[in-house]
Amino acid sequence: MATSVYSLWLEPPPALASTSAGFIARYAGASGGRCPTFDPHVTLAGGFVGTEAQAKEKSAAIVASLASAFGPLRCDAMEVSAGTRFHQCVYLRMVPTEQLANAHALAARAFGLEPGDGGGAPYMPHLSLVYGDLTDAQREDARRDGETALLGNDAANVADASFVAAEVTLWRTDIEDLTCESWSRVDRYPLKSACDAS
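Residues numbered from 1 in each chain as written. Predicted model: local features only at pLDDT ≥ 70, side-chain atom pairs only at ≥ 80, totals over all residues. Heavy atoms only, no water.

A.B. asks: So what exactly am I meant to see when it comes to the confidence of the model for the chain here?
C.D. replies: Across the chain, the average pLDDT comes to 88, with 94% of residues at 70 or higher. Predicted confidence is poor over residues 194-198, with pLDDT under 50, and the contacts of this stretch with residues over four places away or in other chains come to zero contacts. (pLDDT = per-residue confidence, 0-100. Contact = heavy atoms within 4.5 Å.)

A.B. asks: Where do I start with the packing of aromatic side chains in this structure?
C.D. replies: One pass over the full model with this rule turns up six aromatic pairs. Judged by centre distance (4.1 Å) and plane angle (20 degrees), the ring pair of Trp-9 and Trp-171 falls under stacked. Residue Trp-9 is located in strand S1 (residues 4-10), and its partner Trp-171 is located in strand S8 (residues 167-172); the two are separated by 162 residues in the primary sequence. For Trp-9, a relative accessible area of 2% translates into the label buried. Overall, Trp-171 belongs to the buried group, its relative accessible area being 5%. Between Phe-38 and Tyr-131, the ring centres sit 3.8 Å apart and the planes meet at 15 degrees, which makes this aromatic pair stacked. In this pair, Phe-38 sits in the loop between helix H1 (14-30) and strand S2 (42-50) while Tyr-131 sits in the loop between strand S6 (126-130) and helix H4 (136-151), placing the two residues 93 residues apart along the sequence. A network of ring pairs unites the aromatic residues Trp-9, Phe-38, Tyr-131, Trp-171 and Trp-183 as a single cluster. (Phe/Tyr/Trp six-rings, centres within 6.5 Å; stacked < 30°, edge-to-face > 60°. Helix = DSSP H or I, 4+ residues; strand = E, 2+ residues; numbered from the N terminus. Buried < 20%, exposed > 50% of the residue type's maximum accessible area, 1.4 Å probe, protein only.)

The structure is reproduced here in structure tokens:
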């Protein structure tokens, strides 16, 4: 049975998804092929290697536990930041709430993964805007452009870039594929407990 790498995402609602995707596409187009396009998301947990059937079975169980423990998950925007990792080049940082940290830890452990962002770093919820290996100056330019696109010149717009995730999506995400062309959504799971559904 073929295996792949899978991730659980919190996808933004249509208005924020459209704004984010528009910026991602514009920046990727202007980068001359250095930066890929990808769907806007906040990664809840990633890096699980298995078959699609295993990923779907584990994801369904994880999301049932998340729904029971937390219900819908809040992603409150903080600021647009830049980092040095390819997959954390420019991003909209989310408030690292206890709810998100605990949801991440639950999902990561259920996938058999160590919670956190690797190397002992704590989980940093964020919605990526640019993937790429850019110079410091290019990252700062992209960060400013992303800030303008998502937050404008008004700090009150942080609320417009915040959202409540009512579902978790399972994605096939081969991180070795820096074009992100092979990435695809596999399934969706509502963050509702059995008693909420009745």
